[in-house]
Amino acid sequence: MRIVAIGRDTTGPETELLRRYVARLRPPPELIALPDGHGSPVEIKRREAEAILKRLGAGDFVIALDQAGSAPDSLGLAAQLARWRETGRALAFVIGGAEGLDGAVIGRAEATLSLGRLTFPHLLARAILAEQLYRAQSILDGHPYHRAGRPTR
């Protein structure tokens, strides 16, 4: 599994949070940070798409993070993760830059996933994705991290 994201790795609390959850995942995903594109918004998306597509393997099962994607709850994400794993292919989660993902990347993806309708800084989106992947893995493993027994209202 890998996370391919536009934007440089930096130091700070978001990066530490990301690394904490990545370390908990088994096996830990590879983190690939790609530089931001430059130019007009259309040119930025095109250049970022080129960089992303070069880092994807031909057999990868690509999941693009996009606001128009499915927005499951944590149990739903765990079920999706189980189905994606059953393909036997490497999973590649893709996070675009400030302009979003180019249609070429969305077209390459076999699934789209939304973290919700809110907009997050890109480093925080990576950390949220890693935490949710860990939560999904914990649900699938029967680990109590998720605390599914909490009452809802």
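The coordinates are above.
The rules behind these values
Residues numbered from 1 in each chain as written. Predicted model: local features only at pLDDT ≥ 70, side-chain atom pairs only at ≥ 80, totals over all residues. Heavy atoms only, no water. Buried < 20%, exposed > 50% of the residue type's maximum accessible area, 1.4 Å probe, protein only. Helix = DSSP H or I, 4+ residues; strand = E, 2+ residues; numbered from the N terminus. Pairing = 2+ DSSP bridges. Expected span 1.5 Å × (residues − 1). Phe/Tyr/Trp six-rings, centres within 6.5 Å; stacked < 30°, edge-to-face > 60°. Axes fitted to C-alpha atoms, helices over the stretch in contact; angles between N-to-C directions. Parallel < 35°, antiparallel > 145°, perpendicular 65-115°, else oblique. Left-handed = near helix turned anticlockwise from the far one by under 90°. Contact = heavy atoms within 4.5 Å. Nonpolar A, V, L, I, M, F, W, Y, C, P; charged D, E, K, R; others polar. Core = buried A, V, L, I, M, F, W, Y, C linked by side-chain atoms within 4.5 Å.

> Help me understand the pairing of strand S1 (residues 2-6) in this model?
In the case of a regular strand, side chains alternate between the two sheet surfaces. Of all 5 residues in S1, 5 are buried, a share of seventy percent or more. Of the two faces of S1, both are covered, the one formed by Arg2, Val4 and Ile6 as well as the one formed by Ile3 and Ala5. In this structure, S1 lies alongside strand S2 (residues 30-34), joined through 5 bridges in parallel fashion. Residue Ala5 lies in a different strand from S2, and its bridge partner there is Ala33.

> Would you mind going over helix H5 (residues 122-141) with me for this structure?
Residue pairs three or four apart in sequence face the same way in an α-helix, which turns once every 3.6 residues. Look at H5: 28 Å from first C-alpha to last across 20 residues, which is about the 28 Å you get at 1.5 Å a residue. Counted residue by residue, H5 has 14 buried out of 20 residues, so it is predominantly covered. The positive-phi residue at the C-terminal boundary of H5 is Gly142, with phi of around 75°.

> Is there a simple way to explain the packing of aromatic side chains in this structure?
For any pair of aromatic rings, the description consists of the separation of the ring centres together with the inter-plane angle of the planes. Counted under the stated rule, the structure contains 4 aromatic pairs. Residues Phe61 and Trp84 carry aromatic rings whose centres are separated by 6.1 Å and whose planes lie at 35° to one another, so their mutual orientation is tilted. A residue pair is termed long-range when its members are at least 10 positions apart, and Phe61 in strand S3 (residues 61-70) and Trp84 in helix H3 (residues 74-86) qualify at 23 residues. Like Phe61, the residue Trp84 is buried in the burial classification. Accessibility expressed as a relative area gives 7% for Trp84, which makes it buried. Taken together, the aromatic side chains of Tyr21, Tyr134 and Tyr145 make up a single cluster linked through ring pairs.

> When you look at the packing of helix H1 (residues 13-24) against H5 in this model, what are you seeing that I'm missing?
Relative placement of two packed helices is described by the angle separating their axes and the distance separating the axes. Across the interface, H1 lies against H5 with an axial gap of 8 Å and an inter-helix angle of 25°. On the basis of the axis angle, H1 is roughly parallel to H5. In this structure, the crossing between H1 and H5 has a hand that is left-handed. When H1 is examined against H5, the residues Glu14, Thr15, Leu17, Leu18, Tyr21, Val22 and Arg24 are found in contact with a partner set consisting of Leu123, Leu124, Arg126, Ala127, Ala130, Glu131, Tyr134 and Gln137. Residue composition of the contact of H1 with H5, by class: 9 nonpolar, 2 polar and 4 charged.

> How should the nonpolar core be read in this particular structure?
Nonpolar side chains tend toward joint burial in soluble globular proteins. In this structure, Ile63, Trp84, Leu91, Phe93 and Leu129 are the most contacted members of the largest nonpolar core, which totals 24 residues. Residue assignment for this core shows that the elements contributing at least two residues are S1, H1, S3, H3, strand S4 (91-95), strand S5 (111-113) and H5. Residue contributions to this core peak at 6 residues, all from H5. Of all hydrophobic cores here, the second largest spans 14 residues; its members include Val4, Leu34, Ala49 and Ile52.

> I keep staring at the sheet that holds S1 and nothing clicks. Help me out?
Neighbouring strands of a sheet are bound in pairs by backbone hydrogen bonds; such pairs are parallel or else antiparallel. On the basis of which strands lie adjacent, the open sheet formed by 5 strands has the order S2-S1-S4-S3-S5 and parallel pairing. A strand with exactly one partner marks an edge of an open sheet, and here the two such strands are S2 and S5. Averaged over all pairs of adjacent strands, the angle between strand axes in this sheet comes to 30°, irrespective of strand direction. In terms of strand pairing, S1 meets S4 through 4 bridges, oriented parallel. Bridging across to S4, Ala5 finds its partner in Ile95. Most of the contacts of H3 go to S4, to which it runs at about 130°, and overall it touches S3, S4 and S5. Its contacts with the sheet put H5 on S1, S2, S3, S4 and S5, and the angle it makes with S4 is roughly 150°.

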